[in-house]
Amino acid sequence: MGFKCGIVGLPNVGKSTLFNALTETQAAQAANYPFCTIEPNVGQVAVPDARLDKLAAIAGSQKIIETQLAFVDIAGLVRGASKGEGLGNQFLGNIREVDAIVHVLRCFEDDDIQHVENHIDPIADAETVETELLLADLESLEKRVPNLAKRGANGDKDAKCAAAVLARALDLLREGKPARLLTPNDAEEARHFAQAQLLTSKPVLYVCNVEEGAAAEGNAHSARVFAKAAAEGAQAVVVSAAIESELVGMAADERDLFLAELGLAETGLARVVRAGYALLHLLTFFTVGPKEARAWTVESGATAPEAAGVIHSDFQKGFIRAETIAFADYVELGGEARAREAGKLRAEGKAYIVADGDVMHFLHS
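Residues numbered from 1 in each chain as written. Predicted model: local features only at pLDDT ≥ 70, side-chain atom pairs only at ≥ 80, totals over all residues. Heavy atoms only, no water.

Chemist: So what about the sheet that holds strand 1 (residues 4-8)? Which residues, and what values?
Modeler: Spatial ordering of the open sheet is given by 2-4-1-5-6-7, a layout of 6 strands whose pairing is mixed. Two strands close off the open sheet at either side, each with one partner strand: strand 2 (41-46) and strand 7 (235-239). Averaged over all adjacent pairs, the angle separating strand axes in this sheet is 25 degrees, with direction ignored. Sheet topology note: the strand 6 (residues 204-209)/strand 7 ladder contains 5 bridges and is parallel. Paired with Y206 across the two strands is A236, which belongs to strand 7. (Pairing = 2+ DSSP bridges. Helix = DSSP H or I, 4+ residues; strand = E, 2+ residues; numbered from the N terminus. Axes fitted to C-alpha atoms, helices over the stretch in contact; angles between N-to-C directions.)

Chemist: Can you break down the nonpolar core residue by residue, with the values?
Modeler: Counting residues in hydrophobic clusters, the biggest one holds 53 residues, and the most contacted among them are L69, F71, I95, L205, Y206 and V207. Residues contacting L69, with those up to four places away along its chain left out, are F3, C5, G43, Q44, V45, V47, L269 and V273. (Core = buried A, V, L, I, M, F, W, Y, C linked by side-chain atoms within 4.5 Å. Buried < 20%, exposed > 50% of the residue type's maximum accessible area, 1.4 Å probe, protein only. Contact = heavy atoms within 4.5 Å.)

Chemist: Explain the side chain of T297 residue by residue, including any values.
Modeler: Summarising the element assignment, T297 is placed in strand 9 (residues 292-299). Judged by its relative accessible area of 0%, T297 is buried. Of the polar contacts made by the side chain of T297, one reaches the side chain of T67; its length is 3.0 Å. (Polar contact = N/O pair within 3.5 Å; in protein donor to acceptor, adjacent residues only side chain to side chain.)

Chemist: Give me the lowdown on the packing of helix 4 (residues 122-153) against helix 7 (residues 220-232), citing residues and values where you can.
Modeler: Across the interface, helix 4 lies against helix 7 with an axial gap of 9 Å and an inter-helix angle of 45 degrees. As far as their axial angle goes, helix 7 and helix 4 are oblique. In contact with P122, I123, A126 and E130 of helix 4, helix 7 contributes H221, R224, V225, K228 and E232. In terms of residue class, the contact of helix 4 with helix 7 is made up of 4 nonpolar, 1 polar and 4 charged. (Parallel < 35°, antiparallel > 145°, perpendicular 65-115°, else oblique. Nonpolar A, V, L, I, M, F, W, Y, C, P; charged D, E, K, R; others polar.)

Chemist: An account of the layout of surface pockets is needed here, citing residue identities and associated values.
Modeler: In this structure, the largest pocket occupies an estimated 880 Å³ of space. Surrounding the largest pocket, 37 residues form its lining, A46, V47, P48, D49 and A270 being those nearest its centre. In terms of residue count, the dominant contributor to the lining of the largest pocket is helix 10 (residues 268-280) (6 residues). Residue classes in the lining of the largest pocket are distributed as 21 nonpolar, 5 polar and 11 charged. (1 Å grid on protein atoms, 1.4 Å probe; cavity = no way out; pocket = protein on both sides within 12 Å on 5 of 7 lines; lining within 4 Å. Points joined across faces, edges and corners; volume = space filled by probe spheres on them.)

Written as structure tokens, this is what we have:
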């Protein structure tokens, strides 16, 4: 399990350029005119994690398998998308299918690249997109909630529960606030809320696309975006799509040298992934052996059986226990055998909550 991020934003903010760079492909046509991306492009990328290489080296693993992250490059949105303007209906439909919204905002000045609003203001750009998502959700719930309430009044308990939680979401939308600010009261409300697939319920990661010289520290435009993200409880990162494009095809040592010269410790992809994991409350555990070292992704709070189920559903059904070593102990002691001798290999049962970096081996019937 990785996660699926929809890359959105106004036309000509660098969405497709960033997508091409992040996925190291030219699958999306980057062009200096609106709607150059007509169909959503999907790219699977390996999630960078230096810990996996260390584990593989210690275990002598023949193969390394990273967890996967999907990026979906979605057609640019314009004002009126909620009413079908531009490619609005297609945009709104595509975004319902992703786990998180990666909202690319133009934070650079360049007279050679047209801006759809003819001025650079990332906050205004963000509000344009957010307003269209909010209006689409508002229209949807204003039709849905009365019907659910009517069915609930006639004795349909499921509809009554759905009406209650979605009515609260509707109140938020009418106040101009996103549905993600709502907290369901229980698991049933959470289920109905999730099933509604509201656009404004998606967590948001703002990506500030800056000029090359601002890639390390950001600029005045990106500072405003970070303030907005902090106020919303969202995440934000600074990325230069131009730099990421230059990194494509470079050898690892050449890439590291290039980044160091720019004052960067890691690629934009690494920053986006780390922020995305934090946004979606995800963590990584590992399975390690002579054949392969592999990274797996679960939600924070996942139990050992749930982690086993990510590998195979039968592992969860027949779960007995998980032999677990903390990443730091595995590396410090030089592998499973010495960790076992030192008493650092733990037998964990069904109630164990997986920690980030756990090296796990599952026993099952």
